[in-house]
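Below, each chain spelled out in residue letters.
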Amino acid sequence: ECQPVAERITALWLDANRETGKGAAWEAEHAGLRLVSWLVHAPLVLSGTGTGSAPHPSLRPRLLGAIAETAAWLDRKATRQAPGFGAVAAWAGIAAAGLLLPRGRPRRLFAEAGLIAALGDAVGEDGGVLSRCPGDQMETLRLLIDLIACYEAAEVSPPAALVALRELMVPPLLALRHGDGALGSWQGQAAIPAERVSAAVLASGVRARPLSAPQHWGYQRLRAGETLLQMDAGPPPRARHARTGCSSTLAFELSDGPARIVVNCGGAA
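All values derive from a computational prediction rather than experimental measurement.

Caption draft 1: Up close: helix α7 (residues 160–175). By the burial criterion, the buried members of α7 are Leu162, Leu165, Arg166, Met169, Val170, Pro171, Pro172, Leu173, Leu174 and Ala175. Each element contacted by the buried residues of α7 is listed here: α5 (105–122), α6 (134–153), α8 (194–204), β1 (219–224) and β2 (227–232).

Written out as structure tokens, the structure is:
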């Protein structure tokens, strides 16, 4: 059911973004996320059955060309990215291309070194992202899940550091879950629905308890019965890591079961 919709949207995007490197679509973060998404969903979008009312017979060569072009563009740009999620996304895109495009082993090895270094700059020792934003935490985890799935599809063992980091990133995310299953609003991030959080945790395959001894993550979690308190007990993120951050030290959220009683104001962005 979704295949003709995916074909139509992909064709429209390619029509609207013919010039490589121009516009917001070609920020390294967006290009990396797009490349991973294209490669993960390629078996669907490139199957060429054309079941919609307006099939796109030329989509396959156009999209394969765009994938190769985006990978080559990221090869040149990834090393110039500042620390943070943008650099992680760019290197992840290159790694996925190295796994799934022909003759990609040199590109994959190049990307693995860059990705592990970028993750080291973006994620603390306790598994919490240094931007201290739950949205960044979730997106980084989802990106690792998709990338490790690419390794599995290519029958290549992923670097142990990526697998370990995927496991390390789940407990900090769980620490910001309220009784309704959704995340709290911290560092400019609006509350993230319970369904999205559950889907990411399930896809990770990691079974863990919420982080109880945060270091860089900084969020403390206290529970009594069904009452849950989340408190920001850490300093604001450094400017080089912050995306939509704010000085929220000693702010708190309070919930009782599924009912939120005191919450932060939500997304600064």
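Having seen the model, we can carry on.
Caption draft 2: How the structure looks around the packing of aromatic side chains. Evaluation of the coordinates by the stated rule reveals 5 aromatic pairs. Here the aromatic rings of Trp91 and Phe110 are separated by 5.0 Å at their centres, their planes lie at 70 degrees, and the arrangement is edge-to-face. In this pair, Trp91 is assigned in helix α4 (residues 85–100) and Phe110 in helix α5, connecting sequence segments 19 residues apart. Taking relative accessible area as the criterion, Phe110 reaches 38% and is therefore assigned partly exposed. Through pairs of rings, three or more aromatic residues link up here, namely Trp186, Trp217 and Tyr219. Its guanidinium or amino end placed over the ring of Trp26, Arg34 lies 4.9 Å from that ring's centre, counting from NZ or CZ. The ring of Trp38 carries the charged tip of Arg34 above its face, separated from the ring centre by 5.6 Å.

Caption draft 3: Structural context of the nonpolar core. Of all hydrophobic cores here, the largest spans 68 residues; its most connected members are Leu74, Leu115, Leu119 and Leu147. Non-local contacts of Leu74, meaning those with residues more than four positions away in its chain, are made with Ala28, Ala31, Gly32, Leu35, Ala90 and Ile94.

Caption draft 4: Inspection of unusual backbone geometry at higher detail. We note that Gln187 has phi near 50 degrees; this positive angle belongs to a residue other than glycine. By secondary structure assignment, the location of Gln187 is in the loop between α7 and α8. We classify Gln187 as buried; its relative accessible area is 2%.

Caption draft 5: Main features of the sheet that holds β2. Spatial ordering of the open sheet is given by β1-β2-β3-β4, a layout of 4 strands whose pairing is antiparallel. Single-partner strands in this sheet number two, and they are β1 and β4 (259–262). Going from strand to strand, the sheet's axes swing by 20 degrees on average, the running direction of each strand aside. Here β1 pairs with β2 via 6 bridges, running antiparallel.

The rules behind these values
- Residues numbered from 1 in each chain as written.
- Predicted model: local features only at pLDDT ≥ 70, side-chain atom pairs only at ≥ 80, totals over all residues.
- Heavy atoms only, no water.
- Buried < 20%, exposed > 50% of the residue type's maximum accessible area, 1.4 Å probe, protein only.
- Helix = DSSP H or I, 4+ residues; strand = E, 2+ residues; numbered from the N terminus.
- Contact = heavy atoms within 4.5 Å.
- Phe/Tyr/Trp six-rings, centres within 6.5 Å; stacked < 30°, edge-to-face > 60°.
- Lys NZ or Arg CZ within 6 Å of the ring centre and 35° of its normal.
- Core = buried A, V, L, I, M, F, W, Y, C linked by side-chain atoms within 4.5 Å.
- Pairing = 2+ DSSP bridges.
- Axes fitted to C-alpha atoms, helices over the stretch in contact; angles between N-to-C directions.

These figures come from the coordinates and say nothing about function on their own.
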